[in-house]
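Structural description and commentary
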Amino acid sequence: MNARRGKKMMAEINVVPYIDVMLVLLIIFMITAPMLTQGIKVDLPKAGAEPLPEEMMRQHTPLILSVDAGGQYYLNIGSDEETAISEDVVIERVSAVLGREPQTPVLVKADTNVPYGRVVTGMVLLQEAGAEKVGFITDPADARDKKQR
């Protein structure tokens, strides 16, 4: 009976297995995070425009027409978003989306080096498909750039 009184029960949690699991998950997330970025590589122009209202973006996923440096068109809808599509396919897909959801925001994401005419052609395609308003995606301008204007 004396031997039992001398030993006290330990009430500690062994956290070493939890740390191991956490480190494994950290490594998995570090490897997969760069793979989650989707879309076409576009060097966006810088502009000091106001962002779109968050409420509108929450209600409807925007339809984005991307124009890469080579002037190729891409849409963020369809089976393969990273495959260039023709002008006819742009009209077909956009009109289908806007037919189902007319309030869908339509945006153009064009590379800085794309000829202006190619961007205008994309906007005309969007209007032919039924888009009433078309916005542009840009990178925010630096404070220095704003002062110079």
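Read on for an overview of the structure. Predicted model only: the values in this text are computed from it and were never measured. (Residues numbered from 1 in each chain as written. Predicted model: local features only at pLDDT ≥ 70, side-chain atom pairs only at ≥ 80, totals over all residues. Heavy atoms only, no water.)

**Quick look at the pairing of strand β2 (residues 63-67)**
Put simply, the test is: Burial classes: relative accessible area under 20% of the type maximum marks a residue as buried, over 50% as exposed, and values in between as partly exposed (1.4 Å probe, protein chains only). The way it works is that DSSP assigns letters per residue, a run of H or I at least four long becomes a helix, a run of E at least two long becomes a strand, and they are numbered from the N terminus. At least two bridges found by DSSP between two strands is the condition for calling them paired.
With five of its five residues buried, β2 lies for the most part within the structure. Alternating residues of β2 divide into Leu63, Leu65 and Val67 and Ile64 and Ser66, and every residue in both groups is buried. In this sheet, strand β3 (residues 73-75) lies alongside β2 in antiparallel orientation, the contact comprising three bridges. Residue pairing for β3: leucine 65 is matched across the bridge by leucine 75. Counting the residues that bridge the hairpin from β2 to β3 gives five residues, and of these glycine 71 lies at a positive phi of roughly 85°.

**Quick look at the sheet that holds β2**
As a reminder, the rule being used: Each axis is a line fitted through C-alpha atoms, and for a helix only the stretch in contact is used; angles between axes span 0 to 180 degrees, taken between their N-to-C directions.
Spatially, the four strands line up as an open sheet ordered β3-β2-β4-β5, and their pairing is mixed. Of all strands in the sheet, those with a lone pairing partner are β3 and β5 (134-136), marking the two edges. Each adjacent strand pair in this sheet contributes to an overall mean axis angle of 25°, direction not counted. Judged from the five bridges that link them, β2 and strand β4 (residues 106-110) form a sheet pairing that is parallel. Each bridged residue has a counterpart across the sheet, and for isoleucine 64 the counterpart in β4 is leucine 107.

**Digging into a nonpolar patch on the surface**
Our working rule: To count toward a patch, a residue needs a relative accessible area above 30% and no salt bridge. Like charges then connect within 9 Å, nonpolar side chains (Val, Leu, Ile, Met, Phe, Trp, Tyr) within 5 Å. Reported accessibility uses the Shrake-Rupley method at a 1.4 Å probe radius. Residues are deemed covered only where the shown protein chains occlude them. The rule for a salt bridge is simple: a side-chain nitrogen of Lys or Arg has to be within 4 Å of a carboxyl oxygen of Asp or Glu.
On the surface, Ile13, Val15, Tyr18, Ile19, Met22, Leu23, Leu26 and Met30 cluster together to form a nonpolar patch covering roughly 850 Å² of accessible area. Residue classification places methionine 30 among the exposed residues on the basis of a relative accessible area of 55%.

**Examining the nonpolar core**
Soluble globular proteins tend to bury their nonpolar side chains together. Convention followed: Think of a nonpolar core as a cluster: buried Ala, Val, Leu, Ile, Met, Phe, Trp, Tyr and Cys residues, connected wherever their side-chain atoms sit within 4.5 Å.
Leu65, Tyr73, Leu75, Val90, Val94, Val106 and Leu126 are the most contacted members of the largest nonpolar core, which totals 18 residues. When residues of this core are traced back to their parent elements, those giving at least two are β2, β3, α4 (87-100), β4 and α5 (116-128).

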